[in-house]
Amino acid sequence: MSTISNEKYEAVIGLEVHAQLLTNSKAFAPVSAEYGSAPNTQVTPLCLGHPGTLPVLNENLVRYIIKMGLATNCNVAEKSIFARKNYFYPDLPKGYQISQYDTPICFDGHIDIELEDYDKKIGITRIHMEEDAGKSIHDQDPYHTLVDLNRAGTPLIEIVSEPDLRTPQEAYAYLTKIKQIVQYLEICDGNMEEGSLRCDANVSVRPRGREEFGTRTELKNMNSFRNVERAITYEIERQIELIESGGEVIQQTLLWDSNKLETRKMRSKEEAHDYRYFPEPDLPPVVVTDELLDDIRKDLPELPSIRYRRFIDEFDLSEDVAYTLTETRQLADYYENTLLELNEPKAVANIILTEVLRVLNEKSFKISDFSISEKRLADLVQLKLNDKVNSSAMQDIFNAMLNSDKSAENLAKELNLIQVSDSDFIDPIIDEVISNNPDEVARYRDGKKALIGFFIGQVMKQSKGKANPQQVRERISAKLEE
């Protein structure tokens, strides 16, 4: 952000996040909602907008949104209703979208975000249920726009924040936290590239110290977290430059061009009345009972912020290590399942952060695709803790385990990497090294104690890495002091 924007203006940002839910079927029709099928193969007469078809509510849509509401400290309405949001678009054959308007099911919540220098509470205005539209495809035919209605009717929740965000970095942190929560709840995979998590941003600027909001614009077409941050940064700068040059910000919807790194006008910004909302006549109100709420509460997993704090308190991990291990529910589960096999929190954390995450990043794997089980990883760590292998050998064994189902100890034996602590093996090598390096021995005895590393290195080289380094150090020190 420019110097002038920091000193004279502040941004006001609100995010609208759409999360596509991992239900087996669509929101109101008994047809698969799975991603990636051939175009227009997952449709029903209801999806196609045929007259006389009637929607039937998917119960899991209700359960999933209540999960999200509880996880974000929302109130849950005892009774909420669906509404028709009317607009014309080729990929919306009914001419309306089933959504919620003035009675959302979840409201008045918040989440906490963490930045480098401060934490902040971000309000959530509402979370409501709706169905997705289809998809218009513009790049497969030079003369026509094609329509795929597989996505039409896919269940969504829309999470609307309060205008509490002030910087692009806060928006990035908020979006990251939303993604983490929906993944922990296992209600959405959080994949922005596939469109299962989508974000629109409302952005305005105002002179610092003024309470009244400026005129806002809405940003769309941001298909990654980084593009959300870039688009908001660009729009803040654009609005400030426009105001400083005597111009006026116009309320409108803008598309983000990730190639040119700039926005372009899409249309004038609609207001709620433009959609002519009215209650959906074909769906009854959604009534949430105390029994349903209690049942869903019992089904909630330990949330990431709570798990993060527990990892610090229970396992004595640093904040950075705990943050990385709890970034996804699956990685945190893998860590704790390994601890069930070997209760060494720091040693297990170390190998996961160094070796396991290295492989996952190199191969773009998820932990669910990782080939080394928790039991086998624990056995490898135990070898190191028992001084049967050194750190270098441990890495070699780990790499071998990636392509083998053999145990760590069997692979260590096959690769001749078992560390030897037997003085009958180590002492003759030490004696030979001392005998072959009289000048270094004299310098060591004259006070150059740092030469101990030279002697250890020579012994390790001659033992082909099999000697226990700690025992080597102790035996060399003793012999050089004789």
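Fair warning: this is a prediction, and the values are worked out from it, not measured in the lab.

A tally of helices and strands in the chain yields 16 helices and 16 strands. A globule of 482 residues ought to have a C-alpha radius of gyration of about 23 Å, yet the chain, at 30 Å, is considerably larger. With the principal axes as the frame, the chain shows a C-alpha extent of 95 × 55 × 55 Å. Sorting the 482 residues of the chain into buried and exposed places 48% on the buried side. The contacts in the chain between residues at least 6 apart in sequence include a share of 69% that link residues at least 24 apart. With the model as given, the accessible surface of the chain reaches about 24,400 Å², and the carbon-plus-sulfur share is 47%.

Burial analysis of strand E1 (residues 9–20) places 12 of its 12 residues in the buried class, the great majority of the element. Here E1 shows two buried faces, one formed by Tyr 9, Ala 11, Ile 13, Leu 15, Val 17 and Ala 19 and the other by Glu 10, Val 12, Gly 14, Glu 16, His 18 and Gln 20. Relative to strand E11 (residues 197–207), E1 runs antiparallel, the two being bridged by 11 bridges. By the bridge assignment for E11, Gly 14 is matched with Asn 202. Here 5 bridges tie E1 to strand E10 (residues 155–161), and the two strands are oriented antiparallel to one another. Its bridge partner being in E10, Glu 16 is matched across the sheet by Val 160.

Relative to the helices and strands, Pro 207 is located in strand E11. A relative accessible area of 31% places Pro 207 in the partly exposed class. Along the sequence, Pro 207 and Tyr 9 sit 198 residues apart, while their C-alpha atoms lie 4.3 Å from each other. Not counting the four nearest positions on each side in its chain, Pro 207 is found in contact with Lys 8 and Tyr 9.

Okay, the sheet that holds strand E15 (residues 278–279) next. As summarised here, the arrangement of the 3 strands in space is E5-E4-E15, forming an open sheet in which the pairing is antiparallel. The open sheet terminates on both sides in strands that have one partner only, identified here as strand E5 (96–99) and E15.

All told, the structure shown has 13 aromatic pairs when counted by the stated rule. Pairing Tyr 444 with Phe 455 gives two aromatic rings, centres 6.3 Å apart and planes at 90°, and the pair type is edge-to-face. With Tyr 444 in helix H14 (residues 438–445) and Phe 455 in helix H15 (residues 452–462), the pair connects residues that are 11 residues apart, well separated along the chain. Site record: aromatic cluster; members linked through ring pairs are Tyr 87, Tyr 101, Tyr 275 and Tyr 277. The ring of Tyr 275 carries Lys 85 above its face, with NZ or CZ at 4.5 Å from the centroid. Sitting above the plane of the Phe 225 ring, Lys 179 keeps its charged end 5.3 Å from the centroid.

Put simply, side chains in a regular strand alternate between the two faces of the sheet. Buried residues dominate strand E13 (residues 252–257), accounting for 6 of its 6 residues. Examined bridge by bridge, strand E12 (residues 217–222) and E13 share 3 bridges and lie parallel to one another. The residue bridging Glu 218 from the neighbouring strand is Thr 253, located in E13. A crossover connection joins E12 to the parallel E13 through helix H4 (residues 225–244); in handedness this β-α-β unit is left-handed.

At their nearest, the axes of helix H8 (residues 329–341) and helix H9 (residues 345–363) sit 10 Å apart, and the two run at 135° to each other. Judged by the angle between their axes, H8 and H9 are oblique. Seen from above, H8 lies across H9 with right-handed handedness. Residues Leu 331, Tyr 334, Tyr 335, Thr 338 and Leu 339 of H8 form the contact with H9, whose own contacting residues are Pro 345, Val 348, Ala 349, Ile 352 and Leu 357. For the contact of H8 with H9, the residue count by class is 9 nonpolar, 1 polar and no charged.

So, about the packing of helix H6 (residues 304–315) against H8. Relative orientation and spacing of two packed helices are given, respectively, by the angle between their axes and the distance between those axes. For the pair H6 and H8, interaxial distance at closest approach is 12 Å and the crossing angle is 25°. Relative to H8, H6 is oriented roughly parallel. Crossing angle aside, the handedness with which H6 passes H8 is left-handed. Packed against H6, whose contacting residues are Arg 307, Arg 310, Phe 311 and Phe 315, the element H8 presents Arg 329, Ala 332, Asp 333, Tyr 335, Glu 336 and Leu 339 at the interface.

Moving on: the nonpolar core. If you look at the biggest cluster of nonpolar residues, it comprises 71 residues, and the most contacted ones within it are Leu 15, Ile 66, Met 68, Ile 105, Tyr 174 and Ile 232. If we ignore the near neighbours within four places in the chain, the residues touching Ile 66 are Val 76, Ile 105, Cys 106, Val 288, Leu 292, Leu 293 and Ile 296. Within the second largest apolar cluster, 40 residues are counted, among which are Ala 322, Ala 332, Ala 349 and Ile 397.

Moving on, we come to the pattern of salt bridges. Throughout the structure, instances matching the rule amount to 33 salt bridges. Taking the shortest distance from any N to any O, the salt bridge between Asp 132 and Arg 151 comes out at 3.3 Å. With Asp 132 in the loop between strand E7 (119–131) and strand E8 (135–137) and Arg 151 in the loop between strand E9 (146–148) and E10, this residue pair connects regions lying 19 residues apart in the sequence. Given the relative accessible area of 5%, Asp 132 is considered buried. Salt bridges linked by common partners bring Glu 302, Arg 307, Arg 310, Glu 314, Asp 333 and Glu 336 together as one network.

All right, on to the confidence of the model for the chain then. Across the chain, pLDDT averages 91, with 97% of residues at or above 70. Mean pLDDT in the chain bottoms out at helix H1 (residues 3–8), which sits at 61, and peaks at strand E2 (residues 75–76), which reaches 98.

Moving on to the environment of Tyr 9. Mapped onto the elements of the fold, Tyr 9 is located in strand E1. A residue is classified by how much of its surface remains accessible, and Tyr 9, at 5% relative accessible area, is buried. For the pair Tyr 9 and Ser 99, spaced 90 residues apart in sequence, the C-alpha separation works out to 36 Å. Here the side chain of Tyr 9 touches Glu 244 through a polar contact of 2.5 Å, side chain to side chain.

About the thresholds
- Residues numbered from 1 in each chain as written.
- Predicted model: local features only at pLDDT ≥ 70, side-chain atom pairs only at ≥ 80, totals over all residues.
- Heavy atoms only, no water.
- Helix = DSSP H or I, 4+ residues; strand = E, 2+ residues; numbered from the N terminus.
- Rg over C-alpha atoms; globule rule 2.2 N^0.38 Å.
- Buried < 20%, exposed > 50% of the residue type's maximum accessible area, 1.4 Å probe, protein only.
- Contact = heavy atoms within 4.5 Å.
- Areas by Shrake-Rupley, 256 points an atom, 1.4 Å probe, with all protein chains shown as cover.
- Pairing = 2+ DSSP bridges.
- Phe/Tyr/Trp six-rings, centres within 6.5 Å; stacked < 30°, edge-to-face > 60°.
- Lys NZ or Arg CZ within 6 Å of the ring centre and 35° of its normal.
- Right-handed = clockwise from strand over helix to strand, strands pointing away.
- Axes fitted to C-alpha atoms, helices over the stretch in contact; angles between N-to-C directions.
- Parallel < 35°, antiparallel > 145°, perpendicular 65-115°, else oblique.
- Left-handed = near helix turned anticlockwise from the far one by under 90°.
- Nonpolar A, V, L, I, M, F, W, Y, C, P; charged D, E, K, R; others polar.
- Core = buried A, V, L, I, M, F, W, Y, C linked by side-chain atoms within 4.5 Å.
- Salt bridge = Lys/Arg side-chain N within 4 Å of Asp/Glu carboxyl O.
- pLDDT = per-residue confidence, 0-100.
- Polar contact = N/O pair within 3.5 Å; in protein donor to acceptor, adjacent residues only side chain to side chain.

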